[in-house]
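# Reading the structure
Take a look at the letters that make up each chain.
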Amino acid sequence: MQFKTTINIPHSVYEISHAERGMLIGSCFTDNIGKRLHERKFHVLVNPLGTVYNPASISNTIDLLVGTKTFDDQQVFFSNDVWQSYYLHTSFSSVNKSEVFEKFCSKKTEYQEKFEKLDYLFLTLGTAWIYELRSSGEIVSNCHKTPASQFKRRKLSVTECVSLLSKSIDVLRAKNPFLQVIFTVSPIRHWKDGAHENQLSKSTLFLAIDELQRMKGNIMYFPAYELLMDELRDYRFYDEDMLHPSKVAVEFIWEKFSETFFSQSTLILNKQINSIQKAIEHRPFNMESDSYKLFVKNQIETCTAIEKNSCISMKEEIQLFKNRL
């Protein structure tokens, strides 16, 4: 007897490898996937300007990185004793105005020098609800605890979502014609929007992605939302707030992502790298013992083999292990 509904995800025709460059933008679920890719030494840029939740903010992030949208004094303001921007995460805020620009320029340079030639783009849409500045009509990515009276809250239409995301994809494909785009809808519910409003928002996002898949080629959908809502479907897979997925749930979704987008050889390589990371964290009782030194030498051999047979640099790990001999 089957006691759960299973989401059948076919293996993707497009496979992600360590040789490719990817950018991940979107809600905090993007950070969960990006963190695991980064730990396994994939070439990825994750939420370079901070976590963003709606299609308009994702579009703004892309425009700022590629330079189709300028970032100048008009995008920076002084509030709560710091300089900040409605387009940037609070980690960019500073008591020095120039430092905000320096941090932004550093991320833009990193993108242009290392990730301008993208192979894949992973976008996690969290909500269709946006906040517009009443003074200018601009859609903000971060309200920075500015009084709510300064904003107008509204929901993007399906047409608006499609238009914004389509434009961003076109901008990136101008330099990367074969760019693969992977969409997912965040399984995290935006409860502050209200239960019904959250459902309307998620539905808008699903319809927009479906429309984009019909309009353009090389656009895929990964069912993170469905995996949590349907296959797991139990509050034991949620964090304490009953809204965010638990560590177990995130790991389950990551496994499904891996099965979908990685080849067998990439899965084996990921397992080796993950094992090396655990070996680095391991602290034996006696680091001078012969058994531990043999263990370290074996790790060095594994790292060397990975470097020889792939495009991955393991120099940092090799040096770290050598320091333990």
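Computed from a predicted model, the values in this text were never measured in an experiment.

Here we come to unusual backbone geometry. Its identity is not glycine, yet Asp81 carries a phi of approximately 70 degrees, on the positive side. With respect to the helices and strands, Asp81 occurs in the loop between strand S3 (77–79) and strand S4 (82–84). Residue class for Asp81 comes out exposed when judged on its relative accessible area of 62%. A positive phi angle, close to 50 degrees, is found at His144, a residue other than glycine.

Within the structure shown, the criterion is met by 19 salt bridges. Of the charged contacts in the structure, one is a salt bridge between Glu132 and Arg154, with a shortest N-O distance of 3.1 Å. Here the residue Glu132 occupies a position in strand S6 (residues 129–133), and Arg154 occupies one in strand S7 (residues 151–155), the gap between them amounting to 22 residues. By relative accessible area, which is 12% here, Glu132 ends up buried.

Looking now at the environment of Pro48. Along the chain, the position of Pro48 falls in the loop between strand S2 (43–46) and helix H2 (55–66). Sequence separation between Pro48 and Phe78 is 30 residues; the distance between their C-alpha atoms is 22 Å. If we skip the residues at most four places from it in the chain, Pro48 touches Met23, Leu24, Ile25, Leu65, Phe92 and Lys107.

So, about the packing of aromatic side chains. Taken as a whole and judged by the stated rule, the model has 19 aromatic pairs. Relative to Phe262, the ring of Phe257 lies with its centre 6.0 Å away and its plane at 85 degrees, an arrangement referred to as edge-to-face. For the pair shown, Phe257 and Phe262 are each scored as buried. Here the aromatic residues Phe42, Phe122, Phe222, Trp254, Phe257, Phe261 and Phe262 are joined through ring pairs into a cluster of three or more. The aromatic ring of Trp129 is capped on one face by Arg153, whose charged end is 3.8 Å from the ring centroid.

Calculation notes
Residues numbered from 1 in each chain as written. Predicted model: local features only at pLDDT ≥ 70, side-chain atom pairs only at ≥ 80, totals over all residues. Heavy atoms only, no water. Helix = DSSP H or I, 4+ residues; strand = E, 2+ residues; numbered from the N terminus. Buried < 20%, exposed > 50% of the residue type's maximum accessible area, 1.4 Å probe, protein only. Salt bridge = Lys/Arg side-chain N within 4 Å of Asp/Glu carboxyl O. Contact = heavy atoms within 4.5 Å. Phe/Tyr/Trp six-rings, centres within 6.5 Å; stacked < 30°, edge-to-face > 60°. Lys NZ or Arg CZ within 6 Å of the ring centre and 35° of its normal.

Coordinates in, geometry out; function isn't part of it.
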